[in-house]
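Chain and residue survey
Next come the chains, spelled out residue by residue.
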Protein chains: 2
Amino acid sequence: MARTIGVIGGGQLARMMIVPAIELGLELKVLAETEGSPAKLAATRVGDYKDLDTVRAFAQTVDVMTFDHEHVPLHVLESLEAEGFLFEPSSKALRFAQNKLEMRKKLAELDVPIPAWAEVNSASELDDFISTHGSVAILKTPTGGYDGKGVRVVRSSADAADWLSLGKPLLVEEKVNFVRELAQLSARNRSGDWKAWPLVQTIQRDGVCAEVLSPAPEANYEMAAEIAQQIAVGLDVTGVLAVELFETVDGRLLVNELAMRPHNSGHFSIEGSVTSQFEQHLRAVLDLPLGDVSASSDFAVMLNLLGTDDENTFVGHYSTALKVGLGAHVHTYGKGASAGRKMGHVTALSSQSLDDAHAKATAAYKALQA
Amino acid sequence: MARTIGVIGGGQLARMMIVPAIELGLELKVLAETEGSPAKLAATRVGDYKDLDTVRAFAQTVDVMTFDHEHVPLHVLESLEAEGFLFEPSSKALRFAQNKLEMRKKLAELDVPIPAWAEVNSASELDDFISTHGSVAILKTPTGGYDGKGVRVVRSSADAADWLSLGKPLLVEEKVNFVRELAQLSARNRSGDWKAWPLVQTIQRDGVCAEVLSPAPEANYEMAAEIAQQIAVGLDVTGVLAVELFETVDGRLLVNELAMRPHNSGHFSIEGSVTSQFEQHLRAVLDLPLGDVSASSDFAVMLNLLGTDDENTFVGHYSTALKVGLGAHVHTYGKGASAGRKMGHVTALSSQSLDDAHAKATAAYKALQA
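Everything numeric in this text was worked out from a predicted model, so none of it was measured. (Residues numbered from 1 in each chain as written. Chains lettered and ligands numbered in written order. Predicted model: local features only at pLDDT ≥ 70, side-chain atom pairs only at ≥ 80, totals over all residues.)

**Notes on the domain arrangement of chain A**
All names here are of chain A. In terms of domain boundaries, chain A breaks down into domain 1 (4-87), domain 2 (116-174) and domain 3 (178-369). Taken over C-alpha atoms, the centre of domain 1 sits 23 Å from the centre of domain 3. At the interface, 17 residues of domain 1 touch 15 residues of domain 3. Of all the secondary-structure elements, those providing two or more residues to the side of domain 1 that touches domain 3 are helix H1 (12-24) and strand E4 (64-67). Among the elements that line the side of domain 1 that touches domain 3, the one with the most residues is H1, at nine residues. Across the side of domain 1 that touches domain 3, the residue classes break down as 12 nonpolar, two polar and three charged. (Domains from an automatic or database assignment. Contact = placed C-beta atoms within 7 Å. Helix = DSSP H or I, 4+ residues; strand = E, 2+ residues; numbered from the N terminus. Nonpolar A, V, L, I, M, F, W, Y, C, P; charged D, E, K, R; others polar.)

Have a look at this one:
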């Protein structure tokens, strides 16, 4: 069987994939952007993932490739697939994670519940959409956005003059009156095996994921899983798929964003699930049978460690944090400190309640900030 | 705080230490014996751990050193400690894990329950011991034995002519009439924090650990933990300490062997405990607070994957094994195949019974042998 997996991108997701590779005895190689990346232990090459020759040279050293991020240009993927190299997910699926307009078109075609949306190419088209959808809307650049970047609340085309002047299509969506945000994580392999973790609730701050609660309290679990499966099958996604959802006031679930890789909303699964999203992703990429996604504890809470300044890598606070956060699992990513950067996360489990897990995680979190 | 740990030896124990190093964001460097070792991802140097200059050069790149095995010569450790380099455990503790005669003397001094023993230097001394201890005894070379090597059942000095002719002291012990073997795993840091995992039962075949059951059914848990703590404190052990015990027909516990590092009897803790022995070892070596050693599931069974021939690395059987062994955790060590070699292990958890965990682990184990 194929057993050497290449990961494009050397961030924390690639870093966390090293763990199941070690445990399962699989070979993992990473094409990192820079020396000293979070995934440096497995980095066999440093180079530009936008450069065809660089990615080809890396491809020649592995059996199958997957991703730490969705930024590898589609033409690079398509060229290499034409040469016989294997990507999981393939370019046919990944194009929908790379381009939000393509994604909206495809999900509409599949009849998946999504916010009202339109492609806009001019100020008048944008103003028309805004006026028919409650005088406010969400405008997005189809490509390149993440963690709140490339997304803007607009009340008129004047709020988007800069983006409109670029002459490229934009995606406009209704501003959904949501009660909360949820995420449905699942994984699928080439053979069609599909498994979903429990639906989680995500809490964002300033457009960045801050907290994840597993399972989401009282939600339409069946519908969330059904939507995720419909997308995984409809888009032929392989590997982990994260479906970010809005829950509306009237109890509907609408798909917000997609990611076709391990995702921040699934970090809880490292300790909180029999099979973590990182192990599942490797299994799926190799078309191995997927693992049990039962919860290993009834409740799990994950808190992101966002950089506080240019000095605190959190590691220096371990002596205190590991004492007060007994039972909380602390993860840091080996990144240089920078305010707002995702530097690590803390997960706590509980057999009693989400509140109990939250209190344990918070104790460790606070000690790490100190 | 110190955060770069050097591990001497590149075997599977060093390999499994890489996992918590990644998770906790600690730097781990390995001095491996050979290229392509199980711990190759973290290997920063390949060389002879018996050579003072090699170990010193490695020592200069880390904050503190620890071990994958106990074979670094004592004079190397003592020389480097005199130069100011730090080992956890220190040479003062490790000498007792390296030399079984020293260990017996020290445990006798501490009044820890052990089998009857003697140092013998001649055929007549050996025959005297045998005749006063039931016409059969266990003879051991004080150093260099592991996995059944350096251990022999003797009925007279004629059975040991080769070893006696070497002119070095030997250790003779009564052949304990034991019901079963147990192992008490614990960890201690420099500050004196000490924690013990549940007592486990170990099942050996041909002198090699084959199965571990956690917890050991109906045993004297308090006495086992007390013995382990007495040894950890009395020998000033830092890091993980494994105490292998005989349970006698009349219910006594006698110390068989010691290991001052993560140990095969503790592999179950990767999934079966809130804090694995590998994470705990790193915490202890850095003098960080020790983690929660509660069981993450009531029952755990670990089965060693011993090499079947010169070809089966087990990885090729994953497609079948991961399907039938749903919920069993498969680990392989990236070693070349060889009959009898410890190539990996399988762990299964159960909330119901040891039998249930055993059945799950066995299903995966059998599929991997096929």
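On we go.
**Side note on the relation of the copies chain B and chain A**
For these two chains of identical sequence, chain B goes onto chain A by a turn of 180° and a shift of 0.0 Å along the axis, with RMSD 0.0 Å. Expressed as an axis order, the relation between the two copies is that of a two-fold axis. Both copies present the same face, since 100% of the interface residues in chain B are matched by interface residues at the equivalent positions in chain A. (Least-squares fit on C-alpha atoms with pLDDT ≥ 70 in both.)

**Examining the nonpolar core**
Among the nonpolar cores identified, the biggest contains 220 residues, and Leu241 of chain A together with Leu241 of chain B are the most heavily contacted of them. With near-sequence residues (within four places) excluded, Leu241 of chain A lies in contact with Ser186, Ala187, Arg188, Ala228, Ile231, Ala232, Leu258 and Met260 of chain A. With 13 residues, the next largest nonpolar core counts Leu101, Phe129, Val154 and Val172 of chain A among its residues. (Core = buried A, V, L, I, M, F, W, Y, C linked by C-beta atoms within 7 Å. Buried ≥ 20, exposed ≤ 12 C-beta atoms within 10 Å, placed from the backbone.)

**A word on helix H2 (residues 52-59) of chain B**
Residues and elements named next belong to chain B. Among the residues making up H2, those that are buried are Val55, Phe58 and Ala59. What you see down the axis of H2 is that its buried residues fit within an arc of 100°, all on one side. Those residues of H2 that are buried are in contact with strand E1 (4-8), strand E2 (27-32), strand E3 (43-46), strand E4 (64-67) and helix H3 (74-82). (Arc of directions from axis to C-beta.)

**Digging into the packing of helix H3 (residues 74-82) of chain A against helix H4 (residues 91-98) of chain A**
Packed helix pairs are characterised by how far apart their axes lie and by the angle those axes make with each other. Residue and element names in this part refer to chain A. Two elements in contact, H3 and H4, have axes whose closest approach is 10 Å; the angle formed by their N-to-C orientations is 175°. As far as their axial angle goes, H4 and H3 are roughly antiparallel. Along the contact surface, H3 presents Leu74, Leu77, Glu78 and Glu81, while H4 presents Ser91, Leu94, Arg95 and Gln98. For the contact of H3 with H4, the per-class residue count stands at three nonpolar, two polar and three charged. (Axes fitted to C-alpha atoms, helices over the stretch in contact; angles between N-to-C directions. Parallel < 35°, antiparallel > 145°, perpendicular 65-115°, else oblique.)

**Quick look at the sheet that holds strand E5 (residues 117-120) of chain B**
Residue and element names in this part refer to chain B. The antiparallel open sheet is built from four strands, whose spatial order is E5-E8-E6-E7. In the strand order of this sheet, the two ends are held by E5 and strand E7 (151-154), each with one partner. The average angle at which neighbouring strand axes cross in this sheet is 30°, direction not considered. Of the pairings in the sheet, the one linking E5 to strand E8 (residues 170-174) comprises four bridges and is antiparallel in character. Among the inter-strand pairings, Glu119 is bridged to a residue of E8, identified as Leu171. On the sheet, helix H5 (residues 100-109) packs against E5, strand E6 (137-140) and E8 and is oriented at approximately 50° with respect to E8. Along the sheet, helix H6 (residues 123-132) contacts E5, E6, E7 and E8; its crossing angle with E5, the most-contacted strand, is approximately 165°. (Pairing = 2+ DSSP bridges.)

**Examining the sheet that holds E1 of chain B**
Residue and element names in this part refer to chain B. In space, the four strands of this open sheet follow the order E3-E2-E1-E4, with parallel pairing throughout. Edge positions in the sheet fall to E3 and E4, since each of these pairs with one other strand and no more. Across the sheet, the axes of successive neighbouring strands diverge by a mean angle of 25°, strand direction being ignored. Two elements, E1 and E2, share five bridges in a ladder whose sense is parallel. Of the residues in E2, the one forming a bridge with Ile8 is Leu31. On top of the sheet, helix H1 (residues 12-24) reaches E1 and E2; it is set at about 170° to E2, its chief contact.

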